[in-house]
Amino acid sequence: SFKDPVDEDNYYLMKFQEQKDLLPTLFDVDDKFTNGNEMTITYEKITDEETGEEELKPGDVLDIELIGISKDYYDYIRLLINQNETGGSPFSTIPAPLKGNCINPVNPDNYAYGYFRLTQVDRITYVIE
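Residues numbered from 1 in each chain as written. Predicted model: local features only at pLDDT ≥ 70, side-chain atom pairs only at ≥ 80, totals over all residues. Heavy atoms only, no water.

## Details of the layout of surface pockets
Stage number 1. If you add up the space inside the second largest pocket, you get close to 320 Å³.
Stage number 2. What lines the second largest pocket is a set of 18 residues, and nearest its centre among them are S1, M14, F16, I41 and I64.
Stage number 3. Of all the secondary structure elements, the ones that give two or more residues to the lining of the second largest pocket are β2 (11–18), β5 (61–69) and β6 (120–127).
Stage number 4. Per-class residue counts for the lining of the second largest pocket are 13 nonpolar, two polar and three charged. (1 Å grid on protein atoms, 1.4 Å probe; cavity = no way out; pocket = protein on both sides within 12 Å on 5 of 7 lines; lining within 4 Å. Points joined across faces, edges and corners; volume = space filled by probe spheres on them. Helix = DSSP H or I, 4+ residues; strand = E, 2+ residues; numbered from the N terminus. Nonpolar A, V, L, I, M, F, W, Y, C, P; charged D, E, K, R; others polar.)

## As for the sheet that holds β2
To summarise the sheet geometry, strands pair through backbone hydrogen bonds and adopt either a parallel or an antiparallel arrangement.
Stage number 1. Strand order in the open sheet formed by four strands is β3-β2-β5-β6, and the pairing between neighbours is antiparallel. Sheet topology places β3 (25–30) and β6 at the edges, where each strand pairs with a single neighbour. Between one strand axis and the next, the sheet turns by 15° as a mean value, whatever way the strands run.
Stage number 2. Here eight bridges tie β5 to β6, and the two strands are oriented antiparallel to one another. In the sheet register, E65 faces β6, and the bridge partner there is R123. (Pairing = 2+ DSSP bridges. Axes fitted to C-alpha atoms, helices over the stretch in contact; angles between N-to-C directions.)

## Digging into the pattern of salt bridges
Stage number 1. Scanning all chains against the criterion turns up seven salt bridges.
Stage number 2. K57 is the salt-bridge partner of E54, the closest N and O atoms lying 2.7 Å from each other.
Stage number 3. Given a relative accessible area of 42%, E54 falls into the partly exposed group.
Stage number 4. Since its relative accessible area comes to 36%, K57 is described here as partly exposed.
Stage number 5. Here the salt bridges share partners, and the residues they tie into one network are E18, K20, D21 and K45. (Salt bridge = Lys/Arg side-chain N within 4 Å of Asp/Glu carboxyl O. Buried < 20%, exposed > 50% of the residue type's maximum accessible area, 1.4 Å probe, protein only.)

## A look at the packing of aromatic side chains
Stage number 1. Going through the model one piece at a time under the given rule, you end up with eight aromatic pairs.
Stage number 2. Considering the side-chain rings of Y11 and Y74, the 5.0 Å spacing of their centres and the 45° angle between planes classify their relative orientation as tilted. A residue pair is termed long-range when its members are at least 10 positions apart, and Y11 in strand β2 and Y74 in helix α1 (residues 71–84) qualify at 63 residues.
Stage number 3. The exposure class of Y11 is buried, given its relative accessible area of 15%.
Stage number 4. An aromatic cluster is defined as three or more aromatic residues linked by ring pairs; in this entry it consists of F16, F27 and Y43. (Phe/Tyr/Trp six-rings, centres within 6.5 Å; stacked < 30°, edge-to-face > 60°.)

## So, the pairing of β5
Stage number 1. With eight bridges connecting them, β2 and β5 associate as antiparallel partners. By the bridge assignment, Y11 is partnered in β5 with I69.

## Side note on the nonpolar core
Stage number 1. Core analysis: the biggest nonpolar cluster contains 12 residues, these being F2, Y12, M14, F16, V29, M39, Y43, L56, L62, I64, L66 and I128.
Stage number 2. The set of elements that each furnish at least two residues to this core consists of β2 and β5.
Stage number 3. Non-local contacts of I64, meaning those with residues more than four positions away in its chain, are made with M14, K15, F16, D122, R123, I124 and Y126.
Stage number 4. Within the second largest apolar cluster, 10 residues are counted, among which are Y11, L13, Y74 and Y76. (Core = buried A, V, L, I, M, F, W, Y, C linked by side-chain atoms within 4.5 Å. Contact = heavy atoms within 4.5 Å.)

This is how it looks when you write it as structure tokens:
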């Protein structure tokens, strides 16, 4: 839970990563309907035999990050998360390549993948009880 500042548009990236996992779970959040209120984000892992994912158990360690991001980065990461959630195998082609904000000054047509960002981050490590 966190208090969202009043009278300004805010965008967040929530990152949850169990310490034994290789990749984090990401959630994009905006304050469109919660501006100035306390916001609560919950995270739950459900056992999935197909992927081998198991629900969180007492003693599991979870790293949590709340990242303040810009509107442009929010739009970029939202598309990236949506593309990742479309399913398929790890080697499936993506629906469309995402252009970030990195520009090749020598050849602008040869654009870089990725996004340069400066953010404010709050981190906590939580042990499941």
